[in-house]
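# Observations on chain architecture
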Amino acid sequence: DSGVTQTPKHLITATGQRVTLRCSPRSGDLSVYWYQQSLDQGLQFLIQYYNGEERAKGNILERFSAQQFPDLHSELNLSSLELGDSALYFCASSGGGFYEQFFGPGTRLTVL
Amino acid sequence: GENVEQHPSTLSVQEGDSAVIKCTYSDSASNYFPWYKQELGKRPQLIIDIRSNVGEKKDQRIAVTLNKTAKHFSLHITETQPEDSAVYFCAASLGGADGLTFGKGTHLIIQP
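Report on the accompanying structure. (Residues numbered from 1 in each chain as written. Chains lettered and ligands numbered in written order. Predicted model: local features only at pLDDT ≥ 70, side-chain atom pairs only at ≥ 80, totals over all residues. Heavy atoms only, no water.)

### So, the nonpolar core
Here is the rule: Think of a nonpolar core as a cluster: buried Ala, Val, Leu, Ile, Met, Phe, Trp, Tyr and Cys residues, connected wherever their side-chain atoms sit within 4.5 Å. For each residue, the accessible area found with a 1.4 Å probe, counting protein chains only, is set against the maximum for its type, and the residue is called buried under 20%, exposed over 50%, and partly exposed in between.
In this structure, Trp35, Phe73, Leu75 and Leu108 of chain B are the most contacted members of the largest nonpolar core, which totals 23 residues. Formed by 21 residues, the second largest nonpolar core is a distinct cluster that contains Cys23, Phe64, Leu78 and Cys91 of chain A.

### Re the packing of aromatic side chains
How we decide: Working definition: rings of Phe, Tyr and Trp (its six-membered ring) pair if their centres are within 6.5 Å, and the pair is stacked with planes under 30 degrees apart, edge-to-face with planes over 60 apart, and tilted otherwise. Secondary structure elements are defined from DSSP: runs of H or I of at least 4 residues count as helices, runs of E of at least 2 residues count as strands, and each element is numbered from the N terminus. Criterion for a charge above a ring: Lys NZ or Arg CZ within 6 Å of the ring centre, and within 35 degrees of the ring normal.
Taken as a whole and judged by the stated rule, the model has 14 aromatic pairs over all chains. Each ring, one from Phe64 of chain A and one from Tyr89 of chain A, has its centre 6.5 Å from the other, and the planes form 70 degrees; the classification is edge-to-face. A residue pair is termed long-range when its members are at least 10 positions apart, and Phe64 of chain A in strand E7 (residues 64-68) and Tyr89 of chain A in strand E9 (residues 87-94) qualify at 25 residues. Centroid distance Phe89 of chain B to Phe102 of chain B: 6.2 Å. Interplanar angle 90 degrees. Geometry classified as edge-to-face. On the criterion of sequence distance, the pair formed by Phe89 of chain B in strand E9 (residues 86-92) and Phe102 of chain B in strand E10 (residues 101-102) is long-range, its members being 13 residues apart. A relative accessible area of 5% means that Phe89 of chain B is categorised as buried. A residue is classified by how much of its surface remains accessible, and Phe102 of chain B, at 8% relative accessible area, is buried. Ring pairing ties together the aromatic residues Tyr35, Phe45, Phe90 and Phe103 of chain A together with Tyr36, Phe89 and Phe102 of chain B, which thus form one cluster. In this arrangement the basic side chain of Arg55 of chain A is found over the ring face of Tyr50 of chain A, its NZ or CZ atom lying 5.5 Å from the centre. A cation over an aromatic ring shows up here: Arg51 of chain B above the ring of Tyr99 of chain A, its NZ or CZ 3.8 Å from the ring centre.

### Examining the state of the cysteines
Using the following cut-off: Only a pair of cysteine sulfur atoms within 2.5 Å qualifies as a disulfide here.
The final tally for this structure, using the stated rule, is two disulfides over all chains. A disulfide bridge connects Cys23 of chain A with Cys91 of chain A, and the sulfur atoms are separated by 1.7 Å. Here Cys91 of chain A lies in strand E9 and Cys23 of chain A lies in strand E3 (residues 19-24), a separation of 68 residues in the sequence. Each member of the pair, Cys23 of chain A as well as Cys91 of chain A, is classed as buried. Disulfide partner of Cys23 of chain B: Cys90 of chain B, at an S-S distance of 1.9 Å. Here the disulfide of Cys23 of chain B and Cys90 of chain B is left-handed, its torsion about the S-S bond being about -100 degrees. In this pair, Cys23 of chain B sits in strand E3 (residues 19-25) while Cys90 of chain B sits in strand E9, placing the two residues 67 residues apart along the sequence.

See the structure below:
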């Protein structure tokens, strides 16, 4: 157990819908990262937040957005969902040194 | 941006033998190189990492080497055991300044 929690574990929805994925980092970690894992794209970095502020952006679509709240939990919002958005979404957190990232159990999103 | 190539995509070794997985990266500014192990349906788990000021790091049966000049790094697993069977990912990043860029993964199969 990495100490990073994610909810829900599974999410099934329809094309065009909007969903919110939630992540709580390890105790004391200020940085949260979001990743998408799919068979064709592999593991891809989406976005990083540090202490409530956006710090780095990866291959995140405009239909996707994220935020980090004062209690340091983070949410990833996915809108206008397409079949190709079906994937495993992981959250990771790291401490003050930034280096080591510890992953949560993931949310499996299925878009029908 | 950073690009990480990983080889081989599948590696089958006899139990007790050694396994070597190799990665190359493109951005000479990258300074942090972690390796993750992922079992089917589970989260990526950090197994070892190396920073650019170090050439080699060892942790029991696992070692990582880094050649900054050639921009490649390798994972070495000795005395392989059945529980080593998993997908292994290499990654590179600018420390805390960005997310991780992952290789495509190596499916390691330990034959009894």
